[in-house]
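Secondary and tertiary structure notes
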Amino acid sequence: MRDSRPPGRAAAAPLAPGPEFDLIRGFLAGGSAVRPDVRVGPGDDCAVVAGDGIALSTDMSVEGVHFRREWLSPAEIGWRAAAAALSDLAAVAARPIGILVSLAVPAEEADALAPALMAGCREAVESVGGTLLGGDLTRSPGPVVIDVTVVGEAPNPVLRSGARMGDEVWVTGQLGGAAAFVSAMLAGEEPRRGARERFARPLPRVREARWLAERVGPTAMIDLSDGLAGDAAHIAAASGLAVLLVPELLPVHPAARSRSRPRTVRAALTGGEDYELCLTAPTGAVAPHADAFHAAFGVALTCVGRTGGGDGVWWVDAEGHRTPMELGGWQHFRGEA
Ligand SMILES: Nc1ncnc2c1ncn2[C@@H]1O[C@H](COP(=O)(O)OP(=O)(O)OP(=O)(O)O)[C@@H](O)[C@H]1O
Ligand SMILES: Cc1ncc(C[n+]2csc(CCOP(=O)(O)O)c2C)c(N)n1
Ligand SMILES: [Mg+2]
């Protein structure tokens, strides 16, 4: 939905099913009604508050959960944490204003580690036209933790809830590269070409999202942090429809390809952390812009399916027959997809 409705009670946050989202639904149940100038409350990629629309979101990166220090340099850890947070601004087509960064680092390493982590955060926010606005620094008894709050302008936020029946579903870029890096590292193997870059230096699609919002007018959008299987389910839940994906159409990153197509598709859909965009738009609205989009950003736009009646995410074949997808995205309290 391009213009936003009054958000109403947070308890209505229409997230997809799952234990992580059940917990979040619990946090949001029964609170006070939000102020009228809170245009979008919890439940979407960003909250949008005040005046012409200030978009806010926060995203935490925890050592051992989101990264291992032996996998990345401190500057890469900072970049990644900020890029993941900035990706939520992209998801609502906001223009970044800046970030606030809360850091927790072991005391004995603070002098070396904190500046390098912050240099990576700064580089990421400056790469999309924002600046560092502030933050917090504390000692950690163990893991490095980086919590990044993003602030942007979104006069016309594109929400998860605006998809309409019969819309096409499109994704930017290629899926599965970041997860291919994680799988290789966890298995003690050499990551395949390009996988490390996709994990260590994700590019938040901030400019791409605003370009799409201006030229194409997506009806709904989300960034792919948990994997398309899980994130498309949020569009389905928020928009009150089903997302129907065509497995042959999925743009899989070369590092995520294997001999078995079902395995390839599974890796690309459930691995997460690609920070690409998934958007819906009326039939025929995106295709005429795909070449110009590629010329502007060097990033593919691929139609991967459409919306239909019902709920959840399904596979669909050329005849329109549906099969339950039976794949989910990353969920913190289930271990993995
Ligand atoms: N502790 C919390 N208190 C209030 N709202 C929360 C809390 N945690 C999450 N939410 C809200 O729940 C929704 C879903 O959160 P989630 O962290 O899954 O966001 P996301 O953008 O989908 O994901 P990701 O963390 O994978 O980048 C968001 O609207 C978020 O603001
Ligand atoms: C060491 C290590 N093990 C596993 C993963 C995979 N992983 C962790 S969190 C997440 C989803 C996005 O997180 P969030 O929903 O918190 O934004 C994924 C796919 C990783 N990055 N590092
Ligand atoms: Mg998001």
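On a predicted model such as this, the values are computed, not experimentally measured, just so you know.

Our focus in this paragraph is the site of ligand 2. Taken together, 15 residues sit near ligand 2, with His66, Asp226, Gly271, Glu273 and His332 positioned nearest. Here glutamate 273 contributes a side-chain N or O atom positioned 2.8 Å from a nitrogen atom of ligand 2. Histidine 332 is positioned such that a nitrogen or oxygen atom in its side chain is 2.6 Å from an oxygen atom of ligand 2. Of the residues assigned to the shell around ligand 2, the class counts are six nonpolar, five polar and four charged. Here the shell around ligand 2 gathers at least three residues from each of two domains, domain 1 (44-153) and domain 2 (160-334).

Core analysis: the biggest nonpolar cluster contains 91 residues, and Leu86, Ile99, Ile146, Leu228, Leu245 and Leu269 have the highest contact counts within it. With nine residues, helix α2 (residues 74-91) is the single largest residue contributor to this core. With residues up to four places along the chain from it excluded, the contact list for leucine 269 reads Gly227, Leu228, Ala229, Leu245, Leu250, Trp315, Met325 and Leu327.

Okay, the coordination of the magnesium ion (ligand 3) next. At this site the magnesium ion (ligand 3) is bound by Asp45 (OD), Asp88 (OD) and Asp223 (OD), with donor distances of 2.0 to 2.2 Å. One chain supplies every donor for the magnesium ion (ligand 3), spaced along it as D-x42-D-x134-D. Taken together, the positions of aspartate 88 in helix α2 and aspartate 223 in strand β8 (residues 220-223) put the pair 135 residues apart, joining distant regions of the chain.

Low pLDDT means the predicted coordinates in that region are not meant to be read closely. Across the protein chain, the average pLDDT comes to 89, with 92% of residues at 70 or higher. Below a pLDDT of 50 lies the segment residues 1-11, which in the model reaches 34 contacts outside its immediate sequence neighbourhood of four places, other chains included.

Contacts to ligand 1 come from 14 residues, most closely from Gly43, Asp44, Asp88, Arg160 and Ser225. In this structure, aspartate 59 approaches ligand 1 through a side-chain N or O atom, which is 3.4 Å from an oxygen atom. Between an oxygen atom of ligand 1 and a side-chain N or O atom of serine 225, the distance comes to 2.6 Å. In terms of residue count, the dominant contributor to the shell around ligand 1 is helix α1 (residues 19-28) (four residues). Considered class by class, the residues forming the shell around ligand 1 number six nonpolar, two polar and six charged. Residue contributions to the shell around ligand 1 reach at least three from each of two domains, namely domain 1 (44-153) and domain 2 (160-334).

A few words now on the UniProt feature "binding site: Mg(2+) 3" (unreviewed entry) in the protein chain. UniProt's entry tags Asp45, Asp88 and Asp223 with the feature "binding site: Mg(2+) 3" (unreviewed entry), counted in the numbering of this structure. Across 179 residues in sequence, these annotated residues keep their C-alpha atoms within 7.7 Å of one another, forming a single compact spot. With residues near it in sequence (within four places) discarded, aspartate 88 still touches Asp45, Cys46, Ser57, Asp59 and Asp223. Taking the relative accessible area as the measure of exposure, aspartate 223 reaches 1% and is therefore buried. Among all residues touching aspartate 223, those that are not within four sequence positions of it are Asp45, Ser87, Asp88, Ala91, Asp231, Tyr275, Glu276 and Leu277.

Glancing now at helix α8 (residues 261-270). Listed in full, the buried residues belonging to α8 are Thr264, Val265, Ala268, Leu269 and Thr270. Buried residues along α8 sit against α7 (228-239), β9 (242-245) and β12 (312-316). For α8, the capping residue at the N-terminal end is serine 260, with a side-chain oxygen 3.1 Å from the backbone nitrogen of arginine 263.

Conventions used here
Residues numbered from 1 in each chain as written. Chains lettered and ligands numbered in written order. Predicted model: local features only at pLDDT ≥ 70, side-chain atom pairs only at ≥ 80, totals over all residues. Heavy atoms only, no water. Near = heavy atom within 4 Å. Polar contact = N/O pair within 3.5 Å; in protein donor to acceptor, adjacent residues only side chain to side chain. Nonpolar A, V, L, I, M, F, W, Y, C, P; charged D, E, K, R; others polar. Domains from an automatic or database assignment. Core = buried A, V, L, I, M, F, W, Y, C linked by side-chain atoms within 4.5 Å. Buried < 20%, exposed > 50% of the residue type's maximum accessible area, 1.4 Å probe, protein only. Helix = DSSP H or I, 4+ residues; strand = E, 2+ residues; numbered from the N terminus. Contact = heavy atoms within 4.5 Å. Donors = N, O, S within 2.8 Å, 3.2 Å for Na, K, Ca; no water. pLDDT = per-residue confidence, 0-100. UniProt positions renumbered as here; feature names shortened; annotations may be inferred.

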